[in-house]
Amino acid sequence: MTKYLGLHETLDLHELLTFKNLCLTKATAMSVLAQDPELKAILSEDAATGTQHIQELQKFLTERSDRA
């Protein structure tokens, strides 16, 4: 059975992607400006996690494979 996203689900995913991209941009920009090493590490970790989340969300929009 092929699963497709409904219109509202697609719009929700786009909204989440926009928000995650904004968070990633902010974390990346602030990590450059931060002087505290611990804060830099937290922001860098947040940027890495945000990148993974964005890639996972994009899979929902691009994959149209058969699933059981």
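In this text the structure is predicted, and so the values were computed from the model without any measurement. (Residues numbered from 1 in each chain as written. Predicted model: local features only at pLDDT ≥ 70, side-chain atom pairs only at ≥ 80, totals over all residues. Heavy atoms only, no water.)

### As for the overall build of the protein chain
The number of helices and strands found in the protein chain is two helices and zero strands. By residue count, 16% of the 68 residues in the protein chain fall in the buried class. Within the protein chain, contacts between residues at least 6 apart in sequence are counted, and of these 65% link residues at least 24 apart. Approximately 5500 Å² of the protein chain is accessible, and the part contributed by carbon and sulfur atoms is 60%. (Helix = DSSP H or I, 4+ residues; strand = E, 2+ residues; numbered from the N terminus. Buried < 20%, exposed > 50% of the residue type's maximum accessible area, 1.4 Å probe, protein only. Contact = heavy atoms within 4.5 Å. Areas by Shrake-Rupley, 256 points an atom, 1.4 Å probe, with all protein chains shown as cover.)

### Focus on helix α2 (residues 37–62)
Its 26 residues give α2 an end-to-end C-alpha distance of 37 Å, which sits within 8% of 38 Å, the value for a rise of 1.5 Å per residue. Those residues of α2 lying buried are Leu43, Ala47, Gly50, Ile54 and Leu57. Summarising the contacts, the buried residues of α2 are in contact with α1 (7–33). (Expected span 1.5 Å × (residues − 1).)

### A word on the nonpolar core
Counting nine residues, the largest nonpolar core is built from Leu13, Leu17, Leu24, Ala27, Ala34, Leu43, Ala47, Ile54 and Leu57. Those residues in contact with Ala47 that sit more than four places away from it in its chain are Leu24, Ala27 and Thr28. (Core = buried A, V, L, I, M, F, W, Y, C linked by side-chain atoms within 4.5 Å.)

### Comments concerning the side chain of Ser31
Structurally, Ser31 can be placed in helix α1. Within polar-contact distance, the side chain of Ser31 engages the backbone oxygen of Thr28 at 2.8 Å. Sequence-distant contacts of Ser31, defined by excluding residues within four places in its chain, comprise Lys40, Leu43 and Ser44. (Polar contact = N/O pair within 3.5 Å; in protein donor to acceptor, adjacent residues only side chain to side chain.)

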